[in-house]
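# Residue-level structure breakdown
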Amino acid sequence: MNTSHLTHWLARSAQAFPEKTALVAGDDEISWAALSRRVMKTASYLQQHSIKRGDRVVVWLPNSIDFVVCFWAVQYLQAVFVPVNPDTPVARVRWIFNNAEAALLVSSSEQAAALFALPADEQGQRSPGPVLFDKPGAENLIHPVLLTLQHIAAQADVAPLTVENALDIDLASLIYTSGSTGHPKGVMLTQRNMLSAASSVCTYLDLRASDRIFCTIPMSFDYGLYQAILAARASATLIIEKDFSRPLFALKQLVKHQATVLPIVPTLLALIAPLAKRYDFSSLRKITNTAAALHSNDIDTLITLFPQAEIFSMYGLTECHRCTWLPPAMLSTHKESVGYAIPNTELWVVDDNGVQHRNNATGELVIRGATVMRGYWRNEEQTQNKLRPGPLPGESVLYTGDICRLDEHGLLYFVARKDDILKTNGEKVAPREVEGVLKRIPGVGQVAVIGLSHPVYGDQIIACIECVTA
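Sequence order as written defines the numbering, with residues in each chain counted from 1. The model is predicted, so local features are restricted to residues of pLDDT at least 70 and side-chain atom pairs to those at 80 or more, both for listing and for counting; the totals for chains, interfaces and linings are taken over all residues. Values reported for side chains reflect all heavy atoms of the structure, with hydrogen atoms and water molecules removed beforehand.

## Comments concerning the environment of Ala102
Here is the rule we go by: Put simply, DSSP marks the helices as runs of H or I at least four residues long and the strands as runs of E at least two long, and each gets a number from the N terminus on. Relative accessibility under 20% of the residue-type maximum defines a buried residue, over 50% an exposed one, and the middle range a partly exposed one, all with a 1.4 Å probe and only protein chains included. Any two residues having at least one pair of non-hydrogen atoms within 4.5 Å are treated as being in contact.
Locating Ala102 in the fold gives a position in the loop between α4 (90-99) and β5 (104-107). Classification of Ala102 by relative accessible area gives buried; the value is 14%. In sequence terms Ala102 and Val80 are 22 residues apart; their C-alpha atoms lie 9.1 Å from each other. Other than its neighbours up to four places away in sequence, Ala102 contacts Arg56, Val58 and Phe97.

## A few points about helix α11 (residues 296-305)
Selection rule: Regarding the arc, it is the one traced by the directions from the helix axis to the C-beta atoms.
Within the sequence span of α11, burial applies to Ser296, Asp298, Ile299 and Leu302. Down the axis of α11, the sector holding all buried residues measures 155°, keeping them to one side. Against β11 (261-264), α10 (266-272), β12 (286-289) and β13 (310-315) lie the buried residues of α11.

## Regarding helix α2 (residues 32-48)
Under the convention used in this document: What a helix should span is 1.5 Å times the count of its residues minus one.
Over its 17 residues, α2 extends 24 Å from the first C-alpha to the last, a length consistent with the 24 Å expected when each residue adds 1.5 Å. Taken across its 17 residues, α2 has 12 buried, putting it largely inside the fold. Among the residues making up α2, those that are buried are Trp32, Ala33, Leu35, Ser36, Arg38, Val39, Lys41, Thr42, Ala43, Ser44, Tyr45 and Leu46. Looking one or two places after α2, you find Ser50, whose phi comes out positive at around 75°.

## Some points on the pattern of salt bridges
This is how the line gets drawn: Here a salt bridge means any side-chain nitrogen of Lys or Arg lying within 4 Å of a carboxyl oxygen belonging to Asp or Glu.
If you walk through the whole model with that rule in mind, you get 12 salt bridges. Notably, a salt bridge pairs Asp66 with Arg38, separated by 2.5 Å at the nearest N-O pair. Of this pair, Asp66 sits in helix α3 (residues 65-76) while Arg38 is found in helix α2, placing the two residues 28 residues apart along the sequence. The class for Asp66 is buried, based on a relative accessible area of 16%. Note that Glu310 is salt-bridged to Lys286, the shortest N-O span being 2.6 Å. In this pair, Glu310 is assigned in strand β13 and Lys286 in strand β12, connecting sequence segments 24 residues apart.

## Brief notes about the pairing of strand β4 (residues 80-83)
Short version of the rule: Here, a strand pair is defined by DSSP locating no fewer than two bridges between the strands. Note on handedness: a crossover is taken as right-handed if, strands pointing away from the viewer, the path from the first strand over the helix to the second is clockwise.
Residue alternation in β4 divides its side chains into two sets, Val80 and Val82 and Phe81 and Pro83, and both sets are buried. As defined by bridge partners, strand β3 (residues 56-60) adjoins β4 across four bridges and the pair is classed as parallel. Bridging from a neighbouring strand, Val59 pairs with Pro83 of β4. Considered for its hand, the β-α-β crossover made up of β3, α3 and β4 is right-handed.

Have a look at this one:
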């Protein structure tokens with residue numbers, strides 16, 4: 001069993017806990033042993049149809065058992081998993097498929113039909129050829145369907161896989177980040193990157209086989225995808241919710257399945273808070289937050305709603321998955337901080353003069369460690385901008401593009417994206433800091449601070465405020 005490959009964790013869970021529930025999605029459940037068999041069937045089928053080591057496989061599916069099966073099957077083939085959010089516009093999906101030079105698209109028949117209907121664009125990009133569908137219903141599409149994921153799962157066991165010796169430097173995933181302008185960038189993550197990140201997170205969260213992780217975060221994003229990886233590493237159960245578009249139903253599922261771990265983002269908290277009194281959340285023992293930093297009043301809300309749970313305030317980005325975590329015991333005294341570097345990584349900030357600091361300074365955050373991406377797919381210019389020489393000869397470190405502050409103890413505080421900093425009257429102002437002050441005012445709900453160009457001030461600070469009543 002290759003311990004330098006993600007599939008080691010799936011195989012180990014299937015061997016140690018064969019009958020234990022691995023995944024729950026609605027009324028469907030699957031054990032670790034059954035999941036392993038289904039993954040191997042899918043991988044074998046794809047291999048028979050010419051999917052091989054290094055091929056990119058685009059998976060355009062919602063949170064589901066099928067999504068997780070595809071992830072592990074692609075890993076067994078030593079191919080590259082390329083997740084795409086199901087809400088992604090079809091033109092962008094086509095661009096991603098072409099940019100990744102993908103060998104296969106996995107999607108629903110409805111999504112593929114919309115994709116095939118697109119005419120060729122100015123660059124001559126066309127809809128993808130080989131497609132595997134999640135279930136029947138694609139008979140009228142141009143591209144013939146050999147089998148669907150449903151049919152593969154129902155088949156008898158197929159021929160064993162033929163795989164080469166896997167290396168931890170092999171690409172495991174290619175995750176496209178959604179830029180605000182232009183095309184997204186494909187973040188290249190190796191087996192080593194993902195193994196290291198998952199091991200670090202699993203360690204500080206202290207995940208156990210008895211845990212039940214409730215995932216409503218899109219699994220096409222790295223935060224959601226890693227819930228499946230963490231579950232396999234800990235042999236925990238993953239409860240999959242398609243999305244949070246039906247908050248009442250989702251929370252009912254969380255309670256029904258007695259979830260113990262709840263990953264959230266601040267926008268989810270805003271939906272959960274008004275409904276929380278209707279439910280018994282006593283089964284929850286851990287709540288994690290990343291993607292965007294929590295404001296101090298958000299933390300107060302979490303502590304009030306989930307007094308029995310440990311709350312992990314974290315910060316990260318796709319290029320290295322996770323940067324920092326704040327030990328829950330420090331939450332009440334350091335609400336604004338996102339904590340320390342995760343295990344097996346280190347960090348510092350670089351000021352405007354290019355000087356490195358590990359405390360008492362503000363500057364661009366730099367991450368060093370095994371979690372740092374290989375680079376951006378087919379984008380050498382952006383790769384060189386983000387990955388720069390590190391302190392040791394021959395290594396690269398990640399310049400995150402985030403402005404952060406380190407206090408005297410080395411605790412990190414997120415200030416703003418480098419591109420978001422406003423300059424007014426010659427002073428640099430972080431929108432998030434202004435938002436934090438405004439949110440402390442009674443009657444203020446959501447806040448967004450932006451800058452408008454001004455002939456005298458440079459940037460004129462504008463606050464958009466949602467007023468709430470008690």
